[in-house]
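Okay, here's what each chain looks like letter by letter:
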Amino acid sequence: MKCEVFQKNIRDFIFDKIEYSEDLEEFLSHAKECNECREELELYYKIHRGLGDIEPPVESDEPMSAEDELKYIIEYYNEYFEKEKRLGRIGRIAVAGLGLVLIGLAVYVGAINI
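These numbers were taken from a predicted model, which means no experiment stands behind them.

**Looking at unusual backbone geometry**
Here comes step 1: Residue Asp16 is not a glycine yet carries a positive backbone phi of 55°.
Here comes step 2: Secondary-structure assignment places Asp16 in the loop between helix 1 (3-14) and helix 2 (22-33).
Here comes step 3: Here Asp16 falls in the partly exposed class, since its relative accessible area comes to 47%.

So, in C-alpha cells, the structure goes:
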C-alpha cells in the first residue's frame, strides 16, 4: 500500500469503517512497515481519543494510554487475520480429505473402476 492511500484510510480505520478484508490487512501491514505513516496514525488516534470521538477498545479498571490502545487494536486485527488464514487452510484440507474418502467409497462399492 502506498503512503497516500494509507493516509486517506486513517480516519476510516480509527472509526472502524474499513471492512475486515484485504484492504484492512494491507493497511495494518503498511502501519507495521512504515514509521512515518504509523506515527501519523498514532497522532490522529491520540487526537480523536483525547476529544472523546471514539471509545476505548476495552473496558478496564486501569486506563490505557492511546498508544497502548492502538497497539491493542492492531494486535486484535492481526490475530483475527491469522485465525482466518488458519481456518482457510483447515477448510481446504478437510475438503480434500472428504474428496479422498468419497473416491475411496465409490471404488469400494464399485461405482468407479480404477
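**Remarks on the confidence of the model for the protein chain**
Here comes step 1: Residue-level pLDDT values for the protein chain average 83, and 93% of them are 70 or greater.
Here comes step 2: Ranking the elements of the protein chain by mean pLDDT puts helix 4 (residues 66-109) last, at 80, and helix 1 first, at 93.

**Some thoughts on the packing of helix 1 against helix 2**
Here comes step 1: Where helix 1 meets helix 2, the closest approach of the two axes is 10 Å, and the angle between their N-to-C directions is 110°. By the angle between their axes, helix 1 is roughly perpendicular relative to helix 2. Relative to helix 2, the crossing made by helix 1 is left-handed. Only Leu24, Phe27, Leu28, His30 and Ala31 of helix 2 make contact with helix 1, whose side of the interface consists of Cys3, Phe6, Asn9, Ile10 and Phe13.
Here comes step 2: Class assignment of the residues belonging to the contact of helix 1 with helix 2 gives a composition of 8 nonpolar, 2 polar and no charged.

Criteria and thresholds
Residues numbered from 1 in each chain as written. Predicted model: local features only at pLDDT ≥ 70, side-chain atom pairs only at ≥ 80, totals over all residues. Heavy atoms only, no water. Helix = DSSP H or I, 4+ residues; strand = E, 2+ residues; numbered from the N terminus. Buried < 20%, exposed > 50% of the residue type's maximum accessible area, 1.4 Å probe, protein only. pLDDT = per-residue confidence, 0-100. Axes fitted to C-alpha atoms, helices over the stretch in contact; angles between N-to-C directions. Parallel < 35°, antiparallel > 145°, perpendicular 65-115°, else oblique. Left-handed = near helix turned anticlockwise from the far one by under 90°. Contact = heavy atoms within 4.5 Å. Nonpolar A, V, L, I, M, F, W, Y, C, P; charged D, E, K, R; others polar.

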